[in-house]
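The lines below spell out each chain.
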Amino acid sequence: MNTKEKGGLPEKNHQLDNESAQSILRHKVVLSAMLFICVSALLCIAALLSLFIYARMEGITFNPFVDGLIIVTILLILFISLKINISFYRYMQNSIIIPLQQLSLAAHAIQYRNYNVVVDHYSRDEIGEACSAFRTMQLYLKNSIAERAMSMTSRKIVFSGIAHDLRTPLTTIMGYTEALQLGMAKTPEKQQQYLESIASCTDDLSKLIDELSLYNKLSTSRVICHPHPANFSQVIRNFINEDKQYLNSRNVTVTYDTDESLTALIDKKEFQRVIFNLLSNTVKYREKDSSNVLITIKKSGHYAEFSFKDDGPGIPSQKLPHIFEAFYRTDEARSRTSNGSGLGLAIVAEIITAHKGRYHATSENGLKIIFDIPLAEGSNVE
């Protein structure tokens, strides 16, 4: 594979790995050491030769003892000078030269999006502070690039989901509209059936657009929750009672196992949306005509642990980490928007995050969604 030079550094597939950087660094250190020490030695030797040449040209003669003493003295001075130069160079090398060369190599490596070239100089002086600041910047850039790549991947998935969920009802609307225009619905009953299908798909589109708008606001922090202290169990019971008619019509039974003394920080309006989305998911994805839901609230350190467990089909363990992602469906065959937009649990996750809470899910004889909501100040915390 061809290797070329650019800016004094080898370029190999636009990468500079740490081993290459260390090799370059050793080469530069040896070269600079030879120049620094040898130049000093050569200057001393040149001074000695110049002295003897001058003496010869002027016809100056020295006593052999004096000549020997001068030569020994000069050699001693040369030796001491070399020792001083070597010691000084080692200090300069470890304290300044190597750190600066490491910084230079690492900075050039960043040009090729390589953030792994090591700057391993640690000291309390200005050079050490500069190296520490550079390592912090290097880590920040590396994490930013990784987060950006994840964001781009997530955005592609979201856009793909939006396109898919918009296309499905639109295709149905276009099909029935064209059929009506061509007069294929020849009876009033058939025309009414087509119109009802168009109205249903239009309603699906409206719901999807509303959920997209809400998810966008939540994910970009444009909607801020305003949690206030409230009796957690009582709030949940009130939400369930408000949806009693909906639950009865869908044959959903809710039971409770809650600590009635817990006061949590809750934005009632937003948390009501959480409960409704969970109940809606239970109804949408069940495989029988009725559902049993168990809601548990208990204390867990500085949090109130809320769990919502249904008796549905559950979710395979390998898919559990993804259920809170936008447009994720555990069953890819469920392509109709009316079977779920894929935003319900993503909205739930954003609302819980806005409450400064935590969330996860388990699956055993049904799906169990668990939230940790901060307790209000003054609550009895274990």
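Above: the structure in question.
Caption draft 1: Quick peek at the side chain of Thr-296. Topologically, Thr-296 is positioned in strand 6 (residues 291-300). Residue Thr-296 is classed as buried on the basis of its relative accessible area, which comes to 16%. Here Thr-296 is in contact with Asp-257, Thr-258, Glu-305, Phe-306 and Ser-307, once residues within four sequence places are set aside.

Caption draft 2: Fine view of the side chain of Ser-291. In this structure, Ser-291 sits in strand 6. A distance of 3.1 Å separates polar atoms of two side chains, one belonging to Ser-291 and the other to Arg-286. Every residue in contact with Ser-291, bar those within four places of it in the chain, is listed here: Asn-251, Val-252, Thr-253, Thr-282, Arg-286 and Asp-311.

Caption draft 3: Up close: the nonpolar core. One finds Phe-232, Ile-236, Phe-271, Phe-306, Ile-323 and Phe-371 to be the most contacted residues of the largest nonpolar core, which totals 46 residues. Per-element tally for this core: the top contributor is helix 8 (residues 344-354), with seven residues. Look past the residues within four positions of Phe-371 in its chain and what remains in contact with it is Phe-271, Val-274, Leu-278, Ala-304, Glu-305, Phe-306, Val-348, Ile-352, Arg-358 and Tyr-359. One finds Ala-106, Ile-110, Val-117 and Val-119 within the second-largest nonpolar core, a separate group that totals nine residues.

Caption draft 4: Inspection of the packing of helix 5 (residues 232-242) against helix 7 (residues 268-284) at higher detail. For the pair helix 5 and helix 7, the least separation of the axes is 10 Å and the interaxial angle reads 60°. One way to sum up the angle between helix 5 and helix 7 is to call them oblique. In the crossing of helix 5 with helix 7, the sense of the turn from one axis to the other is right-handed. Of the residues in helix 7, those in contact with Phe-232, Val-235, Ile-236, Phe-239, Ile-240 and Glu-242 of helix 5 are Lys-268, Phe-271, Gln-272, Ile-275 and Leu-279. Here the contact of helix 5 with helix 7 is built from residues that sort into eight nonpolar, one polar and two charged.

Cut-offs and rules
- Residues numbered from 1 in each chain as written.
- Predicted model: local features only at pLDDT ≥ 70, side-chain atom pairs only at ≥ 80, totals over all residues.
- Heavy atoms only, no water.
- Helix = DSSP H or I, 4+ residues; strand = E, 2+ residues; numbered from the N terminus.
- Buried < 20%, exposed > 50% of the residue type's maximum accessible area, 1.4 Å probe, protein only.
- Contact = heavy atoms within 4.5 Å.
- Polar contact = N/O pair within 3.5 Å; in protein donor to acceptor, adjacent residues only side chain to side chain.
- Core = buried A, V, L, I, M, F, W, Y, C linked by side-chain atoms within 4.5 Å.
- Axes fitted to C-alpha atoms, helices over the stretch in contact; angles between N-to-C directions.
- Parallel < 35°, antiparallel > 145°, perpendicular 65-115°, else oblique.
- Left-handed = near helix turned anticlockwise from the far one by under 90°.
- Nonpolar A, V, L, I, M, F, W, Y, C, P; charged D, E, K, R; others polar.

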